Amino acid sequence: MAPAAVVASDRPDFLVTAEEPKSLQSIFVRDEDERPKVAYNQFSKDIPVISLSGIAGEERGRVRDEVSKACSEWGIFQVVDHGVPQELVDSMTQLSRAFFALPAEEKLKYDMRGGKRGGFVVSSHLQGEAVLDWREICTYFSYPLHQRDYTRWPVKPDGWRDVVEKYSESLMGLACKLLGIISEALGLETEAVTNACVEMDQKVVINFYPKCPQPDMTLGLKRHTDPGTITLLLQDQVGGLQATKDDGKNWITVEPIQGAFVVNLGDHMHYLSNGKFKSADHQAVVNSNSSRLSIATFQNPAQEAIVYPLDGVVKEAEGEKCFMEEPITFAQMYSRKMSRDIELARQKKIAKLQAQEPEGAKA
Ligand SMILES: O=C(O)CCC(=O)C(=O)O
Ligand SMILES: [Fe+2]
């Protein structure tokens, strides 16, 4: 049986071109059941928007309750009044757009293919996908500081590196503030989740989704949950982030709010909470009217951090059970997730090929 993975020669080096393509290459065409069901600009107000103003004082209880409700229902919410300076957000957005507008040969100096840690690539740096995502990405591994490899950080456009450093630091601060509230929302000490991360790891992925000739047949980023603890997502005003809380039956498009961050809980957080908090089930759709930029800051635990419900979360006296059989490390959790995703894609491809075979050819 043919392998499900994309072969290297099918993968374009870049998507941004002077002349917009008229049709979609087949490598981007998704199966019908994966295609978008809701328009990129049909915005919904279902995702809670939470103001962090007064979080260190008398508003803390309100913020905690709102976060708790959003995490149980969706695993996703937006935050405003978060303290990240607007000028920094504006510079980060503007310089990121300028990076994707650079000539392809400049971006390809940081080509990530072949397992490089950080840089530029089309779709995803992961191996084994059967269909490609309609996006270019640039990614930085920003924390822990002692693992930072500046040789993988683009030097153009001028000044960007400096802005990325400031942005990373500011978002690390916001993430820690949020993890404190999330710990309290679980009825635990403020430091419980950050302690469980051992040493906080941070990766910034800048997603650029060019205008797409046939947006109904593809996705900017296929449906997934983020593996880590939380993700802070900055999106422009175009729209395209979609979420589902009922396993893909209904989708909503998250309304872009100027200056807000979308907060997604990841699988690590879901496990730490014994499933009380959801990991956000989401995807990004594209459109033919405008390109879109989003910047995802992934806050992950250390590779050796233990993934298991936190002490005090499982109330055995109230009849609750621990939903994990045994503790595993984050590295194990991640590799199991990746193998599962690749295996699912492989099985799907096989089923599709078998369905296409003429009756007589089926053994
Ligand atoms: O672009 C978006 O809105 C979603 C990005 C995302 O989910 C990711 O990078 O993991
Ligand atoms: Fe994501």
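The notes below deal with the structure included here. What you see is a predicted model, and the numbers here were worked out from it, not measured in a lab.

Definitions and cut-offs
Residues numbered from 1 in each chain as written. Chains lettered and ligands numbered in written order. Predicted model: local features only at pLDDT ≥ 70, side-chain atom pairs only at ≥ 80, totals over all residues. Heavy atoms only, no water. Near = heavy atom within 4 Å. Polar contact = N/O pair within 3.5 Å; in protein donor to acceptor, adjacent residues only side chain to side chain. Areas by Shrake-Rupley, 256 points an atom, 1.4 Å probe, with all protein chains shown as cover. Helix = DSSP H or I, 4+ residues; strand = E, 2+ residues; numbered from the N terminus. Pairing = 2+ DSSP bridges. Axes fitted to C-alpha atoms, helices over the stretch in contact; angles between N-to-C directions. Contact = heavy atoms within 4.5 Å. Donors = N, O, S within 2.8 Å, 3.2 Å for Na, K, Ca; no water. Buried < 20%, exposed > 50% of the residue type's maximum accessible area, 1.4 Å probe, protein only. Right-handed = clockwise from strand over helix to strand, strands pointing away. Lys, Arg positive; Asp, Glu negative; His and termini not counted. Salt bridge = Lys/Arg side-chain N within 4 Å of Asp/Glu carboxyl O. Phe/Tyr/Trp six-rings, centres within 6.5 Å; stacked < 30°, edge-to-face > 60°. 1 Å grid on protein atoms, 1.4 Å probe; cavity = no way out; pocket = protein on both sides within 12 Å on 5 of 7 lines; lining within 4 Å. Points joined across faces, edges and corners; volume = space filled by probe spheres on them. Nonpolar A, V, L, I, M, F, W, Y, C, P; charged D, E, K, R; others polar.

Ligand 1 sits among 13 residues. The nearest are Y209, H224, H282, R292 and S294. With respect to ligand 1, the side chain of S294 contributes an N or O atom lying 2.6 Å from an oxygen atom. Bound to the protein, ligand 1 loses 97% of the 290 Å² it would expose on its own. For the shell around ligand 1, the secondary structure elements donating two or more residues are β6 (201-209), β7 (221-224), β12 (281-284) and β13 (292-300).

A few words now on the sheet that holds strand β5 (residues 136-143). Through backbone hydrogen bonds, the strands of a sheet pair up, either in parallel or in antiparallel fashion. Taken in spatial order, the eight strands make up an open sheet running β2-β3-β11-β8-β13-β6-β5-β4, and their pairing is mixed. Edge strands, defined here as strands with exactly one partner in the open sheet, are β2 (49-51) and β4 (119-122). Averaged over neighbouring strand pairs, the angle between their axes works out to 25 degrees when direction is ignored. Two elements, strand β8 (residues 230-235) and strand β11 (residues 261-265), share four bridges in a ladder whose sense is antiparallel. Looking at β11, one finds that I230 is bridged to L265. Here helix α1 (residues 60-73) sits on the sheet and contacts β2, β3 (76-80) and β11; the angle it forms with β2, its principal contact strand, is near 160 degrees. Each of β3, β5, β6, β8, β11 and β13 touches helix α4 (residues 160-185); the most contacted strand, β8, lies at about 130 degrees to it.

A few words now on the coordination of the iron ion (ligand 2). All of the protein donors around the iron ion (ligand 2) are H224 (NE2), D226 (OD) and H282 (NE2); their distances to the metal are 2.1 to 2.2 Å. Positions of the donor residues of the iron ion (ligand 2) along the chain correspond to the pattern H-x1-D-x55-H.

It is worth spelling out the pairing of β3 at this point. With respect to burial, β3 is a largely interior element, five of its five residues being buried. Burial along β3 is two-sided: the face carrying I76, Q78 and V80 and the face carrying F77 and V79 are both buried. Sheet topology places β2 next to β3; three bridges connect them, and they run parallel. Within β3, the position partnered with I50 by the bridge is V79. Assessed by its sense of winding, the connection that carries the chain from β2 through α1 to β3 is right-handed.

Quick look at the side chain of R135 now. Among the structural elements, R135 can be located in the loop between β4 and β5. Within the buried set, R135 has no salt-bridge partner at all; the shortest N-O distance to an opposite charge, 4.2 Å, is to D133. A polar side-chain atom of R135 sits 2.5 Å from the main-chain carbonyl oxygen of S123. What R135 contacts, discounting residues up to four positions off in sequence, is L15, V121, V122, S123, S124, V205, N207, F208, Y209, P210, G220 and L221.

Our focus in this paragraph is the packing of aromatic side chains. Counted according to the given criterion, the structure contains ten aromatic pairs. Residues F28 and W134 carry aromatic rings whose centres are separated by 5.0 Å and whose planes lie at 75 degrees to one another, so their mutual orientation is edge-to-face. Here F28 is found in the segment before β1 (43-44), whereas its partner W134 is found in the loop between β4 and β5, with 106 residues between them in sequence. In this pair, the class of F28 matches that of W134, namely buried. Judged by centre distance (5.1 Å) and plane angle (25 degrees), the rings of F99 and W160 are stacked. Of the two residues, F99 sits in helix α2 (residues 86-100) while W160 sits in helix α4, which places them 61 residues apart along the sequence. Residue classification places F99 among the buried residues on the basis of a relative accessible area of 1%. Given a relative accessible area of 0%, W160 falls into the buried group.

This structure, assessed with the given rule, holds one cavity of 30 Å³ or more. Taken as a whole, the largest cavity holds about 40 Å³ of empty space. In terms of lining, the largest cavity is formed by R117, G118, T139, Y140, F141, Q147, R148, D149, R152 and W153. Counted by class, the lining of the largest cavity contains three nonpolar, three polar and four charged residues.

This part is about unusual backbone geometry. Residue P144 is bonded to the preceding Y143 through a cis peptide linkage, with omega at 5 degrees. Mapped onto the secondary structure, P144 falls in the loop between β5 and α4. In the segment running from K156 into P157, the intervening peptide bond is cis, with an omega of -5 degrees. Here P157 is to be found in the loop between β5 and α4. Positioned with a positive phi, D81 is a non-glycine residue whose angle comes to about 55 degrees. Within the secondary structure, D81 is located in the loop between β3 and α2. Its identity is not glycine, yet V198 carries a phi of approximately 65 degrees, on the positive side. Among the structural elements, V198 can be located in the loop between α5 (192-196) and β6.

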